[in-house]
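Remarks on the overall topology
This is what each chain is made of:
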There are 2 protein chains.
Amino acid sequence: MRVISENRCFGGVQGVYAHASAVTKCEMTFGLFLPEAAARAPVPVLWYLSGLTCSHENAMFKAGAQGWAAEQGIALVFPDTSPRGAAVADDPAYDLGQGAGFYVNATEAPWAEHFQMWDYLTEDLPEVLAEDFALDMSRQAITGHSMGGHGALTLAMALPGRFRSVSAFAPICNPCGSDWGRKQFGAYLGADEARWQAHDASLLMAARGFNGPVLVDQGGGDEFLDLLRPETLFAAAAARRQAGSFRIQPGYDHSYFFVASFIAEHVRFHGAALRG
Amino acid sequence: MRVISENRCFGGVQGVYAHASAVTKCEMTFGLFLPEAAARAPVPVLWYLSGLTCSHENAMFKAGAQGWAAEQGIALVFPDTSPRGAAVADDPAYDLGQGAGFYVNATEAPWAEHFQMWDYLTEDLPEVLAEDFALDMSRQAITGHSMGGHGALTLAMALPGRFRSVSAFAPICNPCGSDWGRKQFGAYLGADEARWQAHDASLLMAARGFNGPVLVDQGGGDEFLDLLRPETLFAAAAARRQAGSFRIQPGYDHSYFFVASFIAEHVRFHGAALRG
């Protein structure tokens with residue numbers, strides 16, 4: 001593991017690290033905020049998965065989460081959104097290839113070789129974190145924005161027991177029914193739509209839900225509402241009586257100003273679950 | 001005035017606006033956060049002046065000030081750090097020309113035509129703000145980072161009565177005695193060093209001080225300590241018994257992670273002064 005930067009931040013350290021991943025077969029970069037409390041004992045972990053075009057940096061700089069994580073005594077992990085590099089397949093579109101991994105294991109060429117983001121996030125990166133930092137990996141929670149909200153919800157529901165709580169900001173809720181999903185799943189997973197369903201938050205909510213608290217915030221003025229399809233997730237959650245809060249925040253758009261406006265509530269929500 | 005963007009943020013609006021400035025003879029861009037309270041009555045104003053290489057955007061995205069400004073019911077103004085554009089003089093160095101106006105009125109060629117940042121900030125932009133937004137211009141405060149800390153301190157001390165409180169993050173404290181200052185003042189103001197002194201926070205502190213509370217935070221691990229020279233400001237403030245807090249924060253560097261870590265205290269400090 002290679003230290004790219006470490007900055008003192010809210011009494012802790014905001015670090016950026018790179019490591020060779022055997023899963024994605026390239027160097028992967030991630031951000032990690034370690035609160036001051038980690039100097040005394042391992043701390044719980046809140047994962048933050050980012051959206052299309054983002055890297056490990058966006059939320060680290062713009063979400064304003066570190067102060068609340070320091071307050072709650074929890075670490076924040078900011079993974080990248082895809083494998084990267086000249087040797088890694090890419091596409092000129094902003095919503096396919098590098099910066100747009102959609103948190104799946106690609107099975108199709110040319111993506112399959114590197115685009116193994118599901119395994120990266122569920123196996124490879126957790127091992128690196130557990131080995132190198134003072135983290136209590138028995139206490140994890142997950143959140144994300146847009147494509148990262150899709151990642152957070154699908155990982156949480158697909159891996160029962162892994163995460164104590166899940167939240168999302170303007171998640172892609174129904175990729176099987178949206179141009180933010182059908183295009184990418186077709187490319188990464190192939191034409192058989194049955195293989196897409198394990199990565200659709202609304203279908204997972206209908207089929208199995210989440211055994212813990214859920215918090216979803218969606219801006220009412222989001223310019224991408226038609227692509228996000230929050231109505232499918234809200235309906236599935238209501239139908240199964242999923243414990244959780246599914247909120248529309250009037251006037252907020254899809255930007256990080258929206259995320260920053262509600263990050264305190266999300267971090268405290270996870271803090272409560274992680275202490276419980 | 002032209003609206004570039006408006007995003008709902010912490011119940012208020014984070015806007016970006018552009019206007020033709022007669023003072024800098026070019027289009028100037030600024031950010032303005034208006035809290036929800038501004039919908040009911042004009043609100044006080046906290047200016048945030050940015051550092052070298054920054055534009056109106058850096059603090060807006062990375063300082064995390066809006067939530068605290070919403071709490072305090074005050075507006076935040078994020079001016080640009082220089083005139084901009086193809087017709088505006090520039091220099092290849094990061095610390096001269098566009099992005100490095102140093103908050104002075106240049107008298108020397110080729111800078112004098114556009115680099116009139118002092119007048120822009122003290123006359124032109126306040127007029128635009130007073131005219132177009134629900135701001136109570138009788139209640140103003142000012143802060144800034146690095147070169148912007150220099151700007152905040154010098155404006156506050158040079159214009160008694162204009163600002164009720166002043167704070168700074170890692171300000172350039174003694175530009176007359178630093179390579180962050182001598183080079184730029186020489187270029188903008190000419191070789192006569194007597195003309196530089198009105199723009200040196202430590203000299204102003206020694207000569208007149210500030211009639212109100214002062215808060216300065218300086219990271220103890222700042223990589224630019226030799227250029228910032230906080231010891232000159234701290235000494236001058238102590239010598240004149242200036243009311244204020246002059247703090248070294250151990251381990252913090254010059255980045256926005258440092259600013260974000262202490263922005264809540266600064267905004268609340270100004271909020272208290274603006275209510276008083």
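Data block above holds the structure.
Sequence positions are assigned chain by chain, starting from 1 and proceeding in written order. Ligands are numbered from 1 and chains lettered from A, in the order in which they are written. In keeping with the predicted nature of the model, local features appear solely for residues at pLDDT of at least 70, side-chain atom pairs appear and are counted solely at 80 or more, and the whole-chain, interface and lining totals rest on all residues. As a rule here, side-chain values cover all heavy atoms of the structure and leave hydrogens and water aside.

When helices and strands are tallied, chain A shows nine helices and nine strands. Viewed in the frame of its principal axes, chain A has a C-alpha envelope of about 50 × 45 × 35 Å. For every residue, the accessible area obtained with a 1.4 Å probe (protein chains only) is divided by the maximum for its type, and the residue is called buried under 20%, exposed over 50%, and partly exposed between those limits. Burial analysis of chain A (276 residues in total) assigns 62% to the buried set. Long-range pairs, those at least 24 residues apart, make up 72% of the contacts in chain A with a sequence separation of at least 6. Between the mean site of the 19 positive side-chain charges and the mean site of the 29 negative ones, chain A shows a separation of 7 Å. Working definition: helices are DSSP H or I runs of at least four residues, strands are E runs of at least two. Numbering for both runs from the N terminus. Here, residues are in contact when the closest pair of their heavy atoms is within 4.5 Å. Only four residue types enter the charge count, namely Lys and Arg as positive and Asp and Glu as negative; His and the chain termini do not. To locate a charge, the coordinates of NZ of Lys, CZ of Arg, CG of Asp or CD of Glu are taken.

Residues and elements named next belong to chain A. Put simply, a salt bridge is a Lys or Arg side-chain nitrogen that is within 4 Å of an Asp or Glu carboxyl oxygen. A full pass over the atoms with the stated rule returns 20 salt bridges over all chains. A salt bridge links Arg 247 to Asp 217; its shortest N-O distance comes to 2.7 Å. Of the two residues, Arg 247 is situated in strand S9 (residues 244-249) and Asp 217 in strand S8 (residues 214-219); the sequence distance between them amounts to 30 residues. Through salt bridges with shared partners, one network takes in Asp 217, Arg 247 and Glu 265.

Here we come to the packing of aromatic side chains. Two rings belonging to Phe, Tyr or Trp (six-membered ring only in the last case) form a pair when the distance between their centres is within 6.5 Å. Interplanar angles under 30 degrees mark stacking, angles over 60 mark edge-to-face geometry, and anything in between is tilted. All chains considered together, the criterion is met by 33 aromatic pairs over all chains. Ring centres of Tyr48(B) and Phe78(B) lie 6.0 Å apart, and the angle between their planes is 50°; on these two criteria the pair is classed as tilted. Of this pair, Tyr48(B) sits in strand S4 (residues 43-49) while Phe78(B) sits in strand S5 (residues 75-79), and the two are 30 residues apart along the sequence. Taken together, the ring pairs connect Phe169(A), Tyr252(A), Phe258(A) and Phe262(A) into an aromatic cluster. A cation sits over an aromatic face here: Lys62(A) above Phe61(B), 5.0 Å from the ring centre. Here, over-ring charges are defined by two tests on the NZ atom of lysine or the CZ atom of arginine: distance to the ring centre within 6 Å, and angle to the ring normal within 35 degrees.

All names here are of chain A. Looking at where Gln 249 falls in the secondary structure, it is placed in strand S9. Gln 249 sits 35 residues away from Val 214 along the chain, and the two C-alpha atoms are 16 Å apart. Once residues within four sequence positions are removed from consideration, Gln 249 is found in contact with Asp 217, Gln 218, Gly 219, Gly 220, Phe 258 and Phe 262.

Turning next to the relation of the copies chain B and chain A. Superposing the copies works by least squares over the C-alpha atoms of residues that have pLDDT at least 70 in both of them. Mapping chain B onto chain A is achieved by rotating through 180° and translating by 0.0 Å along the same axis, at an RMSD of 0.0 Å. As the rotation angle and translation indicate, the two copies are arranged about a two-fold axis. With an isologous cut-off of 70% or more, the 100% of interface residues of chain B that recur at the interface of chain A puts this contact in the isologous class.

All right, on to the nonpolar core then. Judged by nonpolar contacts, the single largest core of 182 residues is most densely connected at Leu32(A), Tyr188(A), Leu32(B) and Tyr188(B). Beyond its immediate stretch of four places on either side in the chain, Tyr188(B) contacts Leu96(B), Gly97(B), Ala100(B), Gly101(B), Phe102(B), Val104(B), Ala106(B), Thr107(B), Glu108(B), Trp111(B) and Phe115(B). Here, nonpolar core means buried Ala, Val, Leu, Ile, Met, Phe, Trp, Tyr and Cys residues that are tied together by side-chain atoms lying within 4.5 Å of each other.

Residue and element names in this part refer to chain A. Judged by side-chain charge, Glu 123, Glu 127, Glu 131 and Asp 132 come together as a negatively charged surface patch. As for its position among the elements, Glu 127 is in helix H3 (residues 117-132). Taking relative accessible area as the criterion, Glu 127 reaches 55% and is therefore assigned exposed. Patches here: salt-bridge-free residues with over 30% relative accessible area, like charges joined within 9 Å, nonpolar side chains (Val, Leu, Ile, Met, Phe, Trp, Tyr) joined within 5 Å. For the accessible areas, the method is Shrake-Rupley and the probe is 1.4 Å, while residue cover comes only from the protein chains on display.

On to the pairing of strand S7 (residues 166-169) of chain A, then. Strand residues, when the strand is regular, have side chains that alternate between the two faces of the sheet. All names here are of chain A. Neither face of S7 is exposed, since Val 166 and Ala 168 on one face and Ser 167 and Phe 169 on the opposite face are all buried. Where S7 lies against S8, four bridges are found, and the strand directions are parallel. Looking at S8, one finds that Ala 168 is bridged to Val 216. Two strands pair under a simple rule: DSSP has to find at least two bridges between them.

What follows covers the interface of chain B and chain A. Listed per partner, the contact involves 21 residues of chain B and 21 residues of chain A. We define buried area as the total accessible area lost by two parts upon association, computed with a 1.4 Å probe and summed across both. Carbon and sulfur atoms make up 63% of the surface buried where chain B meets chain A, a total of about 1,700 Å² over both sides. When residues of chain B are sorted by the area they lose upon contact with chain A, Arg8(B), Phe61(B) and Phe257(B) head the list and together hold 39% of the total. Joining chain B to chain A, the criterion identifies zero salt bridges. Polar contact criterion, stated in full: a pair of N or O atoms within 3.5 Å, where within protein one must be able to donate a hydrogen and the other to accept it, and residues adjacent in sequence count only if both atoms are side-chain atoms. Between the two partners, chain B and chain A, sit nine residue pairs in polar contact (both at pLDDT 80 or more). Looking at the side of chain B that touches chain A, the elements that each hand over two or more residues are strand S1 (2-9), helix H1 (57-62), helix H2 (66-72) and helix H9 (256-275) of chain B. Polar here means any residue other than Ala, Val, Leu, Ile, Met, Phe, Trp, Tyr, Cys and Pro, which are nonpolar, and Asp, Glu, Lys and Arg, which are charged; Gly is therefore polar. Partitioned by chemical class, the residues of the side of chain B that touches chain A number 10 nonpolar, seven polar and four charged.

Here the focus is the packing of helix H3 (residues 117-132) of chain B against helix H4 (residues 147-158) of chain B. Residues and elements named next belong to chain B. Orientation of H3 relative to H4, taken along the N-to-C sense of each, is 60°, at an axis distance of 12 Å. If you check the angle between H3 and H4, you find them oblique. Relative to H4, the crossing made by H3 is right-handed. Two secondary-structure elements touch here, H3 through Trp 118, Leu 121 and Thr 122 and H4 through Thr 154, Leu 155 and Ala 158. Considered class by class, the residues forming the contact of H3 with H4 number four nonpolar, two polar and no charged. Note on geometry: axes are C-alpha line fits, over the in-contact stretch for helices, and angles between N-to-C directions span 0 to 180 degrees. Angle categories: roughly parallel below 35 degrees, roughly antiparallel above 145, roughly perpendicular from 65 to 115, and oblique for all the rest. Each crossing gets its hand from how the near helix is turned against the far one by less than a right angle, where anticlockwise is left-handed and clockwise is right-handed.

Attention shifts here to the side chain of Asp253(A). The topology assignment puts Asp253(A) in the loop between S9 and helix H9 (256-275). Here Asp253(A) is buried and forms no salt bridge, its nearest opposite-charge partner Arg8(B) lying at an N-O distance of 8.4 Å. In terms of polar contacts, Asp253(A) uses its side chain to reach the side chain of Ser255(A), at 2.7 Å. Here Asn7(B) takes part through its side chain, which lies 2.4 Å from a polar atom of the side chain of Asp253(A). Those residues in contact with Asp253(A) that lie beyond four places of it in its chain are Gly221(A), Asp222(A), Glu223(A), Phe258(A), Glu6(B), Asn7(B) and Arg8(B).

Residues and elements named next belong to chain B. Of note, Arg 241 is situated in the loop between helix H8 (230-239) and strand S9 (244-249). We classify Arg 241 as exposed; its relative accessible area is 71%. The spatial distance from the C-alpha of Arg 241 to the C-alpha of Gly 209 is 9.1 Å, given a sequence separation of 32 residues. One polar contact links the side chain of Arg 241 to the main-chain carbonyl oxygen of Ala 238, over a distance of 2.9 Å.

So, about the state of the cysteines. The bond known as a disulfide is covalent and runs between the sulfur atoms of two cysteines. Disulfides are defined as cysteine sulfur pairs within 2.5 Å. Enumeration according to the criterion identifies zero disulfides over all chains in this entry. With no disulfide of its own, Cys54(A) has Cys9(B) as its nearest cysteine by sulfur position, at a separation of 17 Å. Of all cysteine sulfurs in the structure, the one in Cys173(B) sits closest to Cys176(B), which takes part in no disulfide; the separation is 12 Å.

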